[in-house]
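Spelled out, the chains give:
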Amino acid sequence: MSTERAARPPLDRKRVAGTALALLNETGLDGLTLRAIAGELDVKAPALYWHFKDKQALLDEMATEMYRRMVAGIALDPADGWREWTRKANRGLREALLAYRDGARVFSGSRFTGTEHAPRMEDTLRLFTAAGFGLGEAVRASSTAYAYTIGFVVEEQGVRPLPDERREGYDIEERARLLADFPLTARAGAEIFADYAKHFEEGLEIVLAGIAARYGVS
């Protein structure tokens, strides 16, 4: 056995998921295969089935690893009110998803593989209920903001797979020329397909205002 092979880290779920996330920016979700991941790990594809029964199981672990990395960079300040915490949490979620090609598609609908999300969820629900929300209201309020962020980033990455890329066919000036007979629709392109950070923030404020109005909290 060579020294290089002897020093290789053991193959486990965390290492496979980390390798898959690194490969995701090259292949995108549709091109991410167990065979390609195995090639990066210098193992045969069947070796991965000891850890994941199928691609969805791998996506669940990838989403969990994304979550671990995300919460490591977002601190819950006890002084935060429910609005500011929701802003911080969803800004952090968006930033984490944008770090990976198709990050929102990987994260959306996946199931966490452990209970590491529970402490943060408990803190969030405690903060909301302390602010006057019922438990069900707290769940729906925080879930609505989360769903907004996921949906926003899915659409954003449909245009910009990575922050420094832009898919062909989303030229705003060309779109306006083609839609010249529909002036408001033509002008709307700049509101839909540009300045995503600004539009995300505005949409998040709309969500927060709606939550406050619906549940009568300040």
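Residues numbered from 1 in each chain as written. Predicted model: local features only at pLDDT ≥ 70, side-chain atom pairs only at ≥ 80, totals over all residues. Heavy atoms only, no water.

- Per an unreviewed UniProt entry, the protein goes by the name TetR family transcriptional regulator and belongs to Streptomyces griseoruber.

**Brief notes about the packing of helix α8 (residues 135-159) against helix α11 (residues 196-215)**
Argument step 1. α11 packs onto α8 with a crossing angle of 160° between their chain directions and a minimal axis gap of 11 Å. The angle between the axes of α8 and α11 places the two elements in the roughly antiparallel class. In this structure, α8 crosses over α11, and the sense of that crossing is right-handed. Residue-level inspection shows E137, R140, A141, T144, A145, Y148, T149, F152, E156 and V159 of α8 in contact with α11, the latter providing Y196, H199, F200, G203, L204, V207, I211 and Y215.
Argument step 2. A breakdown of the residues in the contact of α8 with α11 according to their chemical character gives 11 nonpolar, 4 polar and 3 charged. (Axes fitted to C-alpha atoms, helices over the stretch in contact; angles between N-to-C directions. Helix = DSSP H or I, 4+ residues; strand = E, 2+ residues; numbered from the N terminus. Parallel < 35°, antiparallel > 145°, perpendicular 65-115°, else oblique. Left-handed = near helix turned anticlockwise from the far one by under 90°. Contact = heavy atoms within 4.5 Å. Nonpolar A, V, L, I, M, F, W, Y, C, P; charged D, E, K, R; others polar.)

**Observations regarding the UniProt feature "DNA-binding region" (unreviewed entry) in the protein**
Argument step 1. Those residues carrying the UniProt feature "DNA-binding region" (unreviewed entry) are residues 33-52 in this numbering.
Argument step 2. Taken end to end, residues 33-52 is 40% helix and 0% strand, and its first and last C-alpha atoms sit 12 Å apart. (UniProt positions renumbered as here; feature names shortened; annotations may be inferred.)

**Re the nonpolar core**
Argument step 1. One finds I37, M62 and W82 to be the most contacted residues of the largest nonpolar core, which totals 55 residues.
Argument step 2. For this core, the elements supplying multiple residues, two or more each, are α2 (13-31), α3 (34-41), α4 (55-72), α5 (82-98), α6 (103-107), α7 (118-130), α8 and α11.
Argument step 3. Not counting the four nearest positions on each side in its chain, W82 is found in contact with L127, F128, A131, F133, L208, I211, A212, V217 and S218. (Core = buried A, V, L, I, M, F, W, Y, C linked by side-chain atoms within 4.5 Å. Buried < 20%, exposed > 50% of the residue type's maximum accessible area, 1.4 Å probe, protein only.)

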